[in-house]
Amino acid sequence: MKKNIRHMITAVAIIAVAVLVMINRQSSLRQEEMADKMQLNFTINGENTVYYYNDNDENYTTFDTQMKRKNGDIFDKNYSGIFMATIIEEMGVEITDEISVSVVCADNYEIQLTGGELMADENIYLITKENGEKLAETDGPFMLVINNDEFSTRWAKNVVRVKINEK
Ligand SMILES: Nc1nc2c(c(=O)[nH]1)N[C@H]1C(S)=C(S)[C@@H](COP(=O)(O)O)O[C@H]1N2
Ligand SMILES: [Mo]
């Protein structure tokens, strides 16, 4: 009888530990998920908001492209990111010919995008990975890629803010 009770206590203790381990694991997975969601600042019609960029988003996609320098150098690239128009629409902005969009980098480099460019198929992406790896510190965490640009001068590295005016 005493032996049975001891066995029961042991069983209960094992189950309790297993449950605690599972709860702990769930909570650290959630924390990792949050840390993976990188923040990008937006200013929409003068109001500051934050976009939570998520590499696990269903719109996150991988594509091949070419980076072209004015001196004739061409580099084959493999990038992963989200179509920029999709991000802007997720921020509640309708993309029209009227909107003005400017993309600001950590070094204050700034480029403009038109509504037409943003809507062009497979043109403009905000990427976070090259060859499946996190971008180099000079390029990321976020880099803007404009596939239709003749040269890659507007490929904005280390994007920190997107400013939109709907007019
Ligand atoms: N943040 C940031 N992005 C930038 C620039 C810059 O000065 N700052 N220069 C642009 C220009 S003019 C070119 S040619 C390419 C330079 O790419 P490279 O450094 O690989 O040559 O990045 C573009 N993106
Ligand atoms: Mo350049």
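Residues numbered from 1 in each chain as written. Chains lettered and ligands numbered in written order. Predicted model: local features only at pLDDT ≥ 70, side-chain atom pairs only at ≥ 80, totals over all residues. Heavy atoms only, no water.

A.B. asks: Looking at this structure, I do not really get the packing of aromatic side chains. What am I missing?
C.D. replies: By convention here, two paired aromatic rings are described through the distance between centres and the angle between planes. Counted under the stated rule, the structure contains 8 aromatic pairs. Ring geometry for Tyr53 against Phe142: centres 5.1 Å apart, planes inclined by 55 degrees, an arrangement best described as tilted. Highlighted residues: Tyr53 in strand S2 (residues 47-53) and Phe142 in the loop between strand S8 (133-134) and strand S9 (143-146), separated in sequence by 89 residues. In this structure, Tyr53 and Phe142 share a single accessibility class: buried. (Phe/Tyr/Trp six-rings, centres within 6.5 Å; stacked < 30°, edge-to-face > 60°. Helix = DSSP H or I, 4+ residues; strand = E, 2+ residues; numbered from the N terminus. Buried < 20%, exposed > 50% of the residue type's maximum accessible area, 1.4 Å probe, protein only.)

A.B. asks: What should I look at first to understand the side chain of Asn123 in this one?
C.D. replies: Structurally, Asn123 is set in the loop between helix H3 (115-119) and strand S7 (124-130). Every residue in contact with Asn123, bar those within four places of it in the chain, is listed here: Phe83, Glu117, Val145, Ile146, Asn147 and Asn148. (Contact = heavy atoms within 4.5 Å.)

A.B. asks: Explain the pattern of salt bridges here, please?
C.D. replies: Pairing is possible between side chains of opposite charge, provided their charged atoms come close. If you walk through the whole model with that rule in mind, you get 6 salt bridges. One salt bridge connects Asp55 with Lys129, and the closest N-O pair in it is separated by 3.6 Å. You can see Asp55 sitting in the loop between S2 and strand S3 (61-68) and its partner Lys129 sitting in strand S7, a full 74 residues away along the chain. Taking the relative accessible area as the measure of exposure, Asp55 reaches 21% and is therefore partly exposed. Salt bridges sharing partners connect three or more residues here, namely Glu117, Asp149 and Arg154. (Salt bridge = Lys/Arg side-chain N within 4 Å of Asp/Glu carboxyl O.)

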